Amino acid sequence: MAPDTVSLRYFLVLAQELNFTRAAARIGIAQPALSARMRRLEAELGTSLLVRNTRSVVLTTAGAALAEAAPPALAALDRAWDTARNAGSGELGTLRIGYSLSTGAETAPALVDRLIRSSPGLEVGAVPMTTPEISPAVADGRIDAGITRGEQPGRGVRRFPLRRQRVGVQLAQDHPLAEHSEIEIADAAAYPVRLPDRAANPVIHDQLSALFRNTQPSPRFHTPAVSFDMSQRDLFDALTLAPSGEAAIAVAPAGITWRPLRGAPAMTIHLVLPRVQSPLHRRIRGIAKTLAHELHWLPD
């Protein structure tokens, strides 16, 4: 077996000092303990490393060779320990995040950027997914974490609030309601209302349609032919409204604006993690919590 690294490190101090008293004081142990360590090291190696007399210590040929070869070997070993510790704490490895397209405007990019900057050894990959796919993919390990809107169902996962947003409507800047800083739900119900396809996201579809449950007459709901249209072409008729969270402001195309709906409940964006969490998952959770606090995504 190779000698223990503690004895080897003690030997290197002694090789620099060439004096047992000074070396022992520098290390912080008694001189007899250092002498015993060196005798055991020589026995383990099967060769003499030191020539001792009452006044000095001289390195043998083997001792000089060890003094030259040991420092880079110990440095490599230290790097290996650091690598293992960093991997164990979630600072190294590959992180796969799935996010719904609706969270891709601000939330997902901000979290991915913070993860990359806080953990240079972590390789982060983010992929857009349909909302119903995300929780099952986290549960079975296809992805490490997910970002979704609403109280999405899912077994084998835990959801953590990441962001709460006001709910409003996207509309053309020349829409009759655009002149209001805040829109009454009943007023919005008088116009065609675009909702996401329920098959693609039943939770959000139901949450948004429920805003108009008590309005009379009921609004004319419709689902766009294109499930995610960044150009928002159907809103340019200056009639159609699209309920959405306030993050839509960041990606609204020219000619489209956003107004809050008075009295509408907030919409929650969640971080989805496995129910049984590794150090990597706990690190994601900690970074997400810090980011949400710094950006005021959640109420204090």
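Anything mentioned here points back to the structure above.
It should be emphasised that the depicted structure is a prediction, and the values quoted were computed from it without experimental measurement.

**Remarks on the overall build of the chain**
Turning to step 1, where the next piece is worked out: Helix and strand counts for the chain stand at nine helices and 13 strands.
Turning to step 2, where the next piece is worked out: Along the three orthogonal principal directions, the C-alpha set of the chain runs to about 105 × 35 × 30 Å.
Turning to step 3, where the next piece is worked out: Per-residue burial for the chain yields a buried fraction of 41% across its 300 residues.
Turning to step 4, where the next piece is worked out: Across the chain, the fraction of contacts at a sequence separation of at least 24, relative to all contacts at a separation of at least 6, is 72%.
Turning to step 5, where the next piece is worked out: In the form shown here, the chain has an accessible surface area of approximately 15700 Å², with 55% of it arising from carbon and sulfur atoms.
Turning to step 6, where the next piece is worked out: In the chain, which carries 33 positive and 28 negative side-chain charges, the distance between the mean positions of the two groups comes to 9 Å.

**Thoughts on the packing of helix α1 (residues 5–17) against helix α2 (residues 20–27)**
Turning to step 1, where the next piece is worked out: Remark: α1 packs on α2, axes separated minimally by 9 Å, with the N-to-C direction vectors making an angle of 135 degrees. Judged by the angle between their axes, α1 and α2 are oblique. Where α1 crosses over α2, the two elements pack in a sense that is right-handed. Between α1 and α2, the residues in contact are Tyr10, Val13, Leu14, Gln16 and Glu17 and Phe20, Arg22, Ala23, Arg26 and Ile27, respectively.
Turning to step 2, where the next piece is worked out: Split into classes, the residues belonging to the contact of α1 with α2 amount to six nonpolar, one polar and three charged.

How each quantity is defined
- Residues numbered from 1 in each chain as written.
- Predicted model: local features only at pLDDT ≥ 70, side-chain atom pairs only at ≥ 80, totals over all residues.
- Heavy atoms only, no water.
- Helix = DSSP H or I, 4+ residues; strand = E, 2+ residues; numbered from the N terminus.
- Buried < 20%, exposed > 50% of the residue type's maximum accessible area, 1.4 Å probe, protein only.
- Contact = heavy atoms within 4.5 Å.
- Areas by Shrake-Rupley, 256 points an atom, 1.4 Å probe, with all protein chains shown as cover.
- Lys, Arg positive; Asp, Glu negative; His and termini not counted.
- Charge placed at Lys NZ, Arg CZ, Asp CG, Glu CD.
- Axes fitted to C-alpha atoms, helices over the stretch in contact; angles between N-to-C directions.
- Parallel < 35°, antiparallel > 145°, perpendicular 65-115°, else oblique.
- Left-handed = near helix turned anticlockwise from the far one by under 90°.
- Nonpolar A, V, L, I, M, F, W, Y, C, P; charged D, E, K, R; others polar.

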